Amino acid sequence: MTSLEGKSVLIVGAGGFIGGFIAEEALRRHMDVTVTVRATTSRRYLTDPRLKFLVLDYDDRAAMTAAIENCDRWDYVIYNLGATKALNYLDFKRINYEYLRTFTEVLRQTDHIPHRLLYMSSLSALGTGDEKGYTPLRSDMTPRPDTRYGQSKIMAEQHLEHFAGIPYIIFRPTGVYGPHEQDYLMMVKSIDNHFDFGVGYRKQMLTFIYVDDLVNAMFDALASDVENKKYIISEPRGYTQKEFRDIVSEALGGKWVIPIKLPMWAVWIASTVAEKIAKWQCKTSTLNRDKFKIMRQRNWNADISDAVADFGFSPRIDLREGVRRTVKAYRENKK
């Protein structure tokens, strides 16, 4: 593997949950780190004085061009910018696809093409797989995304494959969790209050990846010789809802929990109502019809064999340990 020490990296979308962890790992590997933020982005998790900041307006191509052409070319780019919730499909398309297209076009225009660009896609880009036999999802499957979020991610992937002209690596991580993440934290809070809400009555297999394992995989992939390939990033095993509930309960000190199974039709109604209320308030809702399709999917088992073979991917933190760390951060934040 190539040493990354002394190499420069640009982290696009560093203000989100994962971005701070990416920046921290890049510094740990002694890289020259620049992070992009919007003018209004919180820098709560970007406080290391070694970080360089690049403020970009993704809706203003001219301003983005001016900002980037005044910088030195970066050896690597990690593109972590994206929206997991949006008011409508056009917002997903604008943020997840059009921003990437504009950014890569500006890199070409300003002669800032990196050695490689790592793009953070999603396992949702593949859509549903084997919902009966629970065969693991594979990187070489034909994508059939059934959500607006997944469709926008596939558009971005296809742009990198056919039009960007930049050597790329595409990551399709499963559910990413850890300190500072909010969606899984809602489930932890619910179990902390003695209730666990499940969706549907058929078995559902869930997969997870702890944020540190995901971030380490990013830099291991960049340090390898792989390019122009796609990888699923996940723990190598799946968990049932009961297993997840028991692990969280144990981390919370053995909380007693009442499991509540909600029928699909009830969750669909709740998702529709929550989405319409959020639109009326001009906000995004965690519960919406797009998220309902993700919750409805029964099989999130994942085949990570290609990542293991190509750059030695080996998750070190299983769900039990990852949840323990997440719960510890949750309790410290409560205090």
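Predicted model, so just to flag it, every value in this text is computed and none were measured.

Colleague: What am I meant to see in the sheet that holds strand β6 (residues 168-173) here?
Modeller: Either a parallel or an antiparallel arrangement is found when strands of a sheet pair, and the pairing is made through backbone hydrogen bonds. The 7 strands are arranged β3-β2-β1-β4-β5-β6-β10 in an open sheet whose pairing can be described as parallel. The two strands at the open ends of the sheet, each matched to only one other strand, are β3 (52-55) and β10 (229-233). The sheet shows a mean angle of 20 degrees between the axes of neighbouring strands, direction not considered. Two strands pair when backbone bridges link them, and strand β5 (residues 116-120) and β6 are joined in this way by 4 bridges, in the parallel orientation. Residue pairing across strands places Leu117 opposite Tyr168, the latter belonging to β6.

Colleague: Even after reading the chapter, I still don't get helix α7 (residues 241-251), so can you show me in this structure?
Modeller: Residues spaced three or four apart along an α-helix face the same direction, because each turn holds 3.6 residues. Those residues of α7 that fall on the buried side of the exposure criterion are Gln241, Phe244, Arg245, Ile247, Val248 and Ser249. Buried residues along α7 sit against α5 (183-192), β8 (195-199), β9 (208-210), β11 (258-262) and α11 (319-334). Two residues or fewer past α7, Gly253 is found with a positive phi of approximately 95 degrees.

Colleague: Which parts of the structure should I look at to understand the pairing of strand β4 (residues 76-79)?
Modeller: Across the two faces of β4 the burial is the same, with Tyr76 and Ile78 and Val77 and Tyr79 all buried. Here strand β1 (residues 8-12) runs beside β4; their pairing, made up of 4 bridges, is parallel. When the sheet's bridge partners are listed, Val9 is paired in β4 with Tyr76. Pairing of β4 with β5, which is carried by 4 bridges, proceeds in the parallel orientation. Along β5, the bridge assignment pairs Tyr79 with Tyr119. The β-α-β motif built from β4, the intervening helix α3 (residues 89-109) and the parallel element β5 has right-handed crossover chirality.

Colleague: Before we go on, may I ask you to explain a nonpolar patch on the surface in this structure?
Modeller: Residues Trp265, Trp268, Ile269, Val273 and Ile277 make up a contiguous nonpolar surface patch of roughly 530 Å² in combined accessible area. On the secondary structure map, Ile277 appears in helix α8 (residues 264-280).

Colleague: Please clarify how α11 should be interpreted in this entry.
Modeller: The end-to-end C-alpha separation of α11 is 22 Å, in line with the 22 Å expected for 16 residues at 1.5 Å each. Three or more residues of α11 are buried, namely Leu319, Gly322, Val323, Thr326, Val327 and Tyr330. When α11 is viewed along its axis, its buried side chains cluster within an angular range of 130 degrees and face the same direction. Contact partners of the buried residues in α11: β7 (175-177), α5, β9 and α7.

Colleague: When you look at the environment of Val248 in this model, what are you seeing that I'm missing?
Modeller: Structurally, Val248 can be placed in helix α7. Placed 32 residues apart in sequence, Val248 and Trp280 show a C-alpha to C-alpha distance of 35 Å.

Calculation notes
- Each chain carries its own residue numbering, running from 1 in the direction its sequence is written.
- Side-chain atom pairs in this predicted model are given and counted only at pLDDT of 80 or more, local residue features only at pLDDT of at least 70, and totals for whole chains, interfaces and linings cover all residues.
- Side-chain numbers here rest on the full set of heavy atoms in the structure, without hydrogens or water.
- Each pair of strands is called paired provided DSSP finds at least two bridges between the two strands.
- Labels follow the DSSP assignment, with helices taken as runs of H or I lasting at least four residues and strands as runs of E lasting at least two, numbered in each case from the N terminus.
- Note on geometry: axes are C-alpha line fits, over the in-contact stretch for helices, and angles between N-to-C directions span 0 to 180 degrees.
- Relative accessibility decides the category of a residue: with a 1.4 Å probe and only protein chains considered, values under 20% of the type maximum give buried, values over 50% give exposed, and everything between is partly exposed.
- By the convention used here, residues are in contact when the closest approach between their heavy atoms is within 4.5 Å.
- The handedness of a crossover follows from its direction of travel: if, with the strands pointing away from the viewer, the path from the first strand over the helix to the second runs clockwise, the crossover is right-handed.
- Patches were defined on residues exceeding 30% relative accessible area and lacking a salt bridge, with like-charge contacts within 9 Å and nonpolar side-chain contacts (Val, Leu, Ile, Met, Phe, Trp, Tyr) within 5 Å.
- Only the protein chains shown count as cover for residues, and all accessible areas are computed by the Shrake-Rupley method using a 1.4 Å probe.
- Whenever a carboxyl oxygen of Asp or Glu lies within 4 Å of a side-chain nitrogen of Lys or Arg, that contact is scored as a salt bridge.
- Each residue after the first adds 1.5 Å to the expected span of a helix.
- By construction, the arc corresponds to the directions joining the helix axis to the C-beta atoms.

Geometric descriptors of this kind do not, in isolation, establish any biological role.
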